[in-house]
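Secondary and tertiary structure notes
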Amino acid sequence: MNAIMETPELPAVFDGVKLAAVAAVLYIIVRCLNLKSPTAPPDILYQDTPLSRFLLKSCPLLTKEYIPPLIWGKSGHIQTALYGKMGRVSSPHPYGLRKYLTMPDGATATFDLFEPLAEHCIGEDITMVICPGIANHSEKQYIRTFVDYAQKNGYRCAVLNHLGALPNIELTSPRMFTYGCTWEFGAMVNYIKKTYPQTQLVVVGFSLGGNIVCKYLGENQANQESVLCCVSVCQGYSALRAQETFMQWDQCRRFYNFLMADNMKKIILSHRHSLFADSPKRPQALGDTDLNRLHTATSLMQIDDNIMRKFHGYRSLKEYYEEESCLRFLYRIYVPLLLVNAADDPLVHDSLLSIPRTLAEKRENVMFVLPLHGGHLGFFEGAVLFPEPLTWMDKLVVQYASAICQWERNKSQCSDTEQSSSGQE
């Protein structure tokens, strides 16, 4: 009777299954969050010159470990997702004035101007001209955070609002921003040079903005006048090479491609009356068929082929990507150039990073910085779970710019001393 009432013990094999399941879950978590990845200083590629030695000495972030939040910060996907969804933590609201510029084709370019909140470290007038990422503008949280930090370090900031990106600004011509059109950025820079003739410029571009600023500087040697340096963060360098990688599922790039295409569709459709209405200014190749194709597009390449390339009359997608990429202009940039990418950026395939590597190996003015972590425009820092308001990227750009300003002032002082000595002789 007692034997009948006893509860049989669970088989040992069941405990083994539970342990195996727990181990499998932990393994997946460790792999997805990349927890085994070490923290380390960024890889830096540069030529040994007096300037590079000065920068390594003056920019501690170049040589110290970048430490992302412990739990999730080593995942490029989570860094990228947080940047895309949240932007930044406790983002400030810097006060700026919006400027409107009429372009030759009737388009209205806008940018926001923010005055410095402190004296610059070298006591001179320095302006950062900033080009945001795809479909971004001055109201994005990561831009606001960076601008506020730059202002507090003595920089005036001018931030381009990509044509068509601001939801409350109507298009005044049948055209919006494209991958490499530099017209609006050039107009903003010319306004700054004319309004503040004594100012010196630090050029900054994020993601797509990095392509635009590098292309702008390389298009014409005159564009580099009054420019102290240029910083490009998380750009892909060649749209022609990137298009194949964007259709691959590796690192979920095809999924990111779909999300960005969906966002572009919404922006274009919000301006459908300006872009597709019958007008003498409307590109002849742009018609109702293209609008129908837009509705079914699932990739940026489809949108670029059906819509974006036609704003400037390119005959093919290949021609559009070749002409609008900064790749062929990089070797024409002579001012100090800092190129920053993250090794775990899910949007920029590793094969594209051969471009900045080769450039840094051949050009003395170029420094290529590649931290292990950071994702796409993430670069969050923090102890365990919660990120800090300022990112590694924000601090590095300002630190590098300030070091370049100090380098130029030292050169100027040495030159004045030599001239003075020569005059006394």
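Quick summary incoming for the structure in this document. (Residues numbered from 1 in each chain as written. Predicted model: local features only at pLDDT ≥ 70, side-chain atom pairs only at ≥ 80, totals over all residues. Heavy atoms only, no water.)

**Looking at empty space enclosed by the protein**
Throughout the structure, instances matching the rule amount to three cavities of 30 Å³ or more. Along its surface, the largest cavity is lined by T108, T110, N161, H162, L163, G164, A165, L166, I169, E170, L171 and T172. In the lining of the largest cavity, the residues fall into five nonpolar, six polar and one charged. Looking at the second largest cavity, its volume works out to about 60 Å³. Lining the second largest cavity are C131, L160, H162, L163, F177, T178, C181, T182, E184, F185 and I212. (1 Å grid on protein atoms, 1.4 Å probe; cavity = no way out; pocket = protein on both sides within 12 Å on 5 of 7 lines; lining within 4 Å. Points joined across faces, edges and corners; volume = space filled by probe spheres on them. Nonpolar A, V, L, I, M, F, W, Y, C, P; charged D, E, K, R; others polar.)

**Structural notes on the sheet that holds strand β1 (residues 43-45)**
Spatially, nine strands are ordered β1-β9-β8-β7-β6-β4-β5-β3-β2 in an open sheet, and the strand pairing comes out mixed. Each end of this open sheet is capped by a strand with a single partner; those strands are β1 and β2 (97-102). Averaged over neighbouring strand pairs, the angle between their axes works out to 20° when direction is ignored. Two strands pair when backbone bridges link them, and strand β4 (residues 126-131) and strand β5 (residues 156-161) are joined in this way by four bridges, in the parallel orientation. Looking across to β5, one finds that T127 is bridged to R156. Relative to strand β9 (residues 366-370), helix α14 (residues 354-362) is tilted by about 140°, and along the sheet it contacts β1, β8 (337-340) and β9. (Pairing = 2+ DSSP bridges. Helix = DSSP H or I, 4+ residues; strand = E, 2+ residues; numbered from the N terminus. Axes fitted to C-alpha atoms, helices over the stretch in contact; angles between N-to-C directions. Contact = heavy atoms within 4.5 Å.)

**Remarks on the packing of aromatic side chains**
All told, the structure shown has 14 aromatic pairs when counted by the stated rule. Summarising the aromatic geometry, the rings of Y66 and W392 are spaced 5.5 Å apart at their centres and angled 40° between planes, so their arrangement reads as tilted. With Y66 in the loop between α3 (50-58) and α4 (76-85) and W392 in helix α15 (residues 392-424), this residue pair connects regions lying 326 residues apart in the sequence. Positioned over the ring face of F380 is R88, at 5.1 Å from the centre of the ring. (Phe/Tyr/Trp six-rings, centres within 6.5 Å; stacked < 30°, edge-to-face > 60°. Lys NZ or Arg CZ within 6 Å of the ring centre and 35° of its normal.)

**So, the side chain of S207**
For S207, the location among the structural elements is in the loop between β6 (200-206) and α7 (208-219). Overall, S207 belongs to the buried group, its relative accessible area being 12%. If we skip the residues at most four places from it in the chain, S207 touches G133, V233, C234, Q235, H376 and L377. (Buried < 20%, exposed > 50% of the residue type's maximum accessible area, 1.4 Å probe, protein only.)

**A few points about the nonpolar core**
Judged by nonpolar contacts, the single largest core of 75 residues is most densely connected at V129, M176, F185, M264, I268 and M308. Non-local contacts of M264, meaning those with residues more than four positions away in its chain, are made with I134, A135, M176, F177, L300, I303 and M308. If you look at the next biggest cluster of nonpolar residues, it comprises 47 residues, including I126, V159, C229 and M367. (Core = buried A, V, L, I, M, F, W, Y, C linked by side-chain atoms within 4.5 Å.)

**Quick word on the packing of helix α6 (residues 183-195) against α7**
Between α6 and α7, whose axes approach to 10 Å, the crossing angle comes to 65°. Between α6 and α7, the angle falls in the class roughly perpendicular. Of the two possible hands of crossing, α6 and α7 adopt the one that is right-handed. Taking contact as the criterion, the partners of F185, G186, V189 and N190 in α6 are, on α7, I212, V213 and Y216. Within the contact of α6 with α7, the residues separate by chemical class into five nonpolar, two polar and no charged. (Parallel < 35°, antiparallel > 145°, perpendicular 65-115°, else oblique. Left-handed = near helix turned anticlockwise from the far one by under 90°.)

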